[in-house]
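# Structural characterization, general
Each chain, written out:
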Amino acid sequence: MVLLDGKFISEKIKEEIKIEVQNIKNRGGRTPHLAAVLVGNDGASLTYVGSKVRSCEKVGFESTLIHLDENISEDNLISEINKLNDNDQIDGYIVQLPLPKHINEEKILMMVNPKKDVDGFHPFNFGKMAQNMDSFIPATPQGIIELIDRYDIDTEGKNTVVIGRSNIVGRPISILMSNKSKPGNSTVTLVHSRTPDIPSFTKKADIIIVALGIPNFLKSDMIKQGSVVIDVGITRVADKTKNKGYRIVGDVDFESVKTKVSYITPVPGGVGPMTIAMLLKNTLKARINN
Ligand code: NAP
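Not measured: the values here are computed from a predicted model. (Residues numbered from 1 in each chain as written. Predicted model: local features only at pLDDT ≥ 70, side-chain atom pairs only at ≥ 80, totals over all residues. Heavy atoms only, no water.)

### Quick notes on unusual backbone geometry
The amide bond that connects lysine 182 to the next residue, proline 183, takes the cis arrangement and shows omega of -10°. Here proline 183 shows up in the loop between α7 (170–178) and β6 (187–191). For the bond from valine 267 to proline 268, the omega torsion is 0°, close enough to zero to count as cis. Among the structural elements, proline 268 can be located in the loop between β11 (263–264) and α10 (271–289). For aspartate 197, which is not glycine, the phi dihedral falls at a positive 55°. Within the secondary structure layout, aspartate 197 lies in the loop between β6 and α8 (198–202). Positive phi outside glycine occurs at asparagine 216, with the angle close to 60°. Along the chain, asparagine 216 falls in the loop between β7 (207–210) and β8 (228–231). (Helix = DSSP H or I, 4+ residues; strand = E, 2+ residues; numbered from the N terminus.)

So this is what it looks like as structure tokens:
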């Protein structure tokens, strides 16, 4: 069994980005600049945004955190978004989800200038990705593809099962794995909460990508010997033995599954760090495109 070490690979990618940023600066170019919009004080969102901002500093980017009150009106949030669209010192920005209930997320995402959409959530970028055209690809599925690529895992003609159909993970990764590309060229089945008998699909899968948010969902009796298992799940489970009072648990029952697989991602330290590295990569791309 090989552990797909997302932490190690993401550090390598960050080093590569850092060198490119230094080259831009040496040529007298402007430093890449990522902005993050955070509305409210959700604990997990604060943690995610904080680590994205810290990662920017590590690779030499400029970063700006726009922290807005939880009760901000939709119109005022739109005007903040428009300011970012008009600011030519900002190469890319993200709007941290989820947004408070009184704000229409879809409306906000549609306001993001696709050229600055480093999360790749705008339908313009999503559509281009689906047609295998150059675009901003959402960071998590892109991180999975990068991990598969760096470990040189063969996906061509393989039977891939994706569990979960969200717009940010399940659906895009199912498209990327089926694209005519390397990695890609897989035969993909996308299963979800309305799929009867999920084990009947996973037992035949060469590659399983799990993104649903249910701790330990995928058990060893649901997979075949030698499969590749990618765990996207991140759930905080109360744990008094930890300083933070919780631990992070994935969607895969790691201890039982690891004895049967050829490759597996740990949680934490698998897909999570790759996601941040891909956000940085997209920001660099936005800077270069500018
Ligand atoms: P989501 O939007 O809640 O989507 C979950 C998907 O799982 C839905 O398609 C849902 O089906 C499906 N599902 C739920 N219960 C199921 C069941 N019993 N059997 C089969 N399918 C089921 O979640 P998400 O945003 O994709 O995130 C999934 C997990 O990945 C979460 O733990 C999240 O925290 C984590 N995540 C991690 C990263 C990272 O960087 N590692 C990034 C993003 C998300 P329906 O569509 O039918 O409801």
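### Focus: the packing of helix α5 (residues 123–130) against α7
Interhelical geometry of α5 versus α7 gives an angle of 30° and a closest axis separation of 9 Å. Put simply, α5 runs roughly parallel to α7. Contacts between α5 and α7 involve Phe126, Met129 and Ala130 on the former and, on the latter, Arg171, Pro172, Ile175 and Leu176. Split into classes, the residues belonging to the contact of α5 with α7 amount to 6 nonpolar, no polar and 1 charged. (Axes fitted to C-alpha atoms, helices over the stretch in contact; angles between N-to-C directions. Parallel < 35°, antiparallel > 145°, perpendicular 65-115°, else oblique. Contact = heavy atoms within 4.5 Å. Nonpolar A, V, L, I, M, F, W, Y, C, P; charged D, E, K, R; others polar.)

### Remarks on the pattern of salt bridges
A full pass over the atoms with the stated rule returns 12 salt bridges. Glutamate 11 is paired through a salt bridge with lysine 14; the nearest N and O atoms lie 3.7 Å apart. One end of the pair is glutamate 11 and the other is lysine 14, both in helix α1 (residues 6–26) and 3 residues apart, which spans about a single turn. The exposure class of glutamate 11 is partly exposed, given its relative accessible area of 31%. Given the relative accessible area of 9%, lysine 14 is considered buried. Glutamate 146 is the salt-bridge partner of arginine 150, the closest N and O atoms lying 2.9 Å from each other. Within this pair, arginine 150 and its partner glutamate 146 are both found in helix α6 (residues 139–150), separated by 4 residues, close to a single helical turn. Judged by its relative accessible area of 31%, arginine 150 falls in the partly exposed class. In this structure glutamate 146 comes out as buried when scored by relative accessible area, which is 11%. Here the salt bridges do not stand alone but share partners, grouping Glu16, Glu146, Arg150 and Lys281 into one network. (Salt bridge = Lys/Arg side-chain N within 4 Å of Asp/Glu carboxyl O. Buried < 20%, exposed > 50% of the residue type's maximum accessible area, 1.4 Å probe, protein only.)

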